[in-house]
Amino acid sequence: MSEFRPVPATDREACQRILQYAFTPSKGPVMPDSDGDWPPSLFDQRGLYDDDTLRAVCKLYFLDTTVRGAATTVGGLGAVATPPEHRGQGFAADLCRHALCEYREADVGFVALWPFSTPFYNRLGWGTANTYRRFDLPPSALPDYDTAGQLVRLDADDWERLRQVESAAAAGMALSLRRSEAWWRERTLADWDGGGVPYCYGYERDGDLRGYLVYTVADDADHTLSVSNFAAVDEEARRALFAFLGNHGAQIERVTLQLPPDTDLLHRVDDPGAVDCTVETGPMVRLTDVSHLERLDWPGGDLDCTLSVSDPLLDRNGGLFRLSVSGGAATVDQLPSADSAADVAVDIATLSQLAVGTHGVAAAERLADLEIHDESAREPLADVFEPESVYLGEFF
């Protein structure tokens, strides 16, 4: 029987070999760097053992964010990896099942991940949380705005000021991160992935930080400047940051930016034809427990209906549930499956998307796996599960 447990220091090298083969196989079969603290500070390293042999590994993050307007902790499942000799035997699915159970025991209701394969994780109950836009353009295409403040160089010691801007800029955005000091120092502003230490510049006016950029410059033919974080609390800061990027024309030939799906950059440039814009799928999210719906605020309306829920990983989430919402609070009761026919049928991935706000009811019925069997439930269901802006942009 497989066992899910922390990876001890004695298995550190085996764990790192698995991760290297999964994510950077081009480095070849070399010994990974073993410097640094163990266990790591930003995540909990877990392994799936079978007969005391490490078969698969993952990282468990605990992320401060918001869901339905309230601060909450969301799990971040990262670096799920199985060596090639053990693939195709169900170890990755078993690993995910154990990880979800650990998160549930820690009272974490949602778990997000960046998928190597969207279909694979959809089969395990995750649904896409949000998309994002990636822009690729020459710096000369960016508008040259005139602003009254100034751009200043920042570093990890400015993390509290950066976090204030981060929170203000992402207000009303579900799943947006509230990064800790350790995350700013060891991840966002560090060379954690081998891509180089990023630059960080902020826009100040009268000593007040109003926006910031985090980016790297590649040693490629175009000296591409890649922006990984762009945050602004007002229009003036947004204009100043775009103008700052445009002023790099003497050094670079291309700028790439990852921005939320509702960004308006194409409307800001004089020549949209000079801009390559792609819409890409982002992270995926799922509930650890249907009953976690009771922890969320539901001010949209009242509801009393039965849900038939399917979950491919967790038996406790499969079956018939009564969902009641009144006065902004929800109650969830599991029912004997034979009690009655369900008003609504939904899989756990779609229910998770409804819960965080990715889809409203109409979109979930059209694009995902929501079936309404009792038409009287449609309107109250739509009033409760109103769609919201969702954007988790930082990779982990």
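Please read these numbers as outputs of a predicted model, since none were measured by experiment.

> Whenever I open this one, the packing of aromatic side chains confuses me. Can you help?
Two measures describe an aromatic ring pair: the distance that separates the ring centres and the angle between the ring planes. Applying the stated rule across the entire model yields 17 aromatic pairs. A centroid spacing of 4.9 Å and a plane angle of 40° characterise the contact between Tyr201 and Phe244, whose relative ring orientation is tilted. One end of the pair, Tyr201, is in strand β9 (residues 199-205); the other, Phe244, is in helix α6 (residues 235-246), and 43 residues separate them in sequence. Since its relative accessible area comes to 14%, Phe244 is described here as buried. If you follow Arg5 out to its NZ or CZ, it ends over the ring of Tyr49, 3.7 Å from the centre. Between the NZ or CZ atom of Arg286 and the centre of the ring of Trp126, over which it lies, the distance is 5.4 Å.

> Explain the environment of Leu151 to me, please; I cannot follow it from the model alone.
Tracing the backbone shows Leu151 in strand β8 (residues 150-153). What makes Leu151 partly exposed here is its relative accessible area of 28%. A sequence separation of 181 residues divides Leu151 from Val332, and the C-alpha atoms of the two residues are 51 Å apart.

> Explanation requested: the pattern of salt bridges in the structure shown.
Two side chains carrying opposite charge are able to pair once their charged atoms lie near each other. On inspection of all chains with the given rule, the structure shows 28 salt bridges. A salt bridge links Arg46 to Glu102, with the shortest nitrogen-to-oxygen separation between them at 2.8 Å. Here Arg46 is found in strand β2 (residues 44-50), whereas its partner Glu102 is found in helix α2 (residues 91-105), with 56 residues between them in sequence. Here Glu102 falls in the partly exposed class, since its relative accessible area comes to 23%.

Rules behind the numbers
- Residues numbered from 1 in each chain as written.
- Predicted model: local features only at pLDDT ≥ 70, side-chain atom pairs only at ≥ 80, totals over all residues.
- Heavy atoms only, no water.
- Phe/Tyr/Trp six-rings, centres within 6.5 Å; stacked < 30°, edge-to-face > 60°.
- Helix = DSSP H or I, 4+ residues; strand = E, 2+ residues; numbered from the N terminus.
- Buried < 20%, exposed > 50% of the residue type's maximum accessible area, 1.4 Å probe, protein only.
- Lys NZ or Arg CZ within 6 Å of the ring centre and 35° of its normal.
- Salt bridge = Lys/Arg side-chain N within 4 Å of Asp/Glu carboxyl O.

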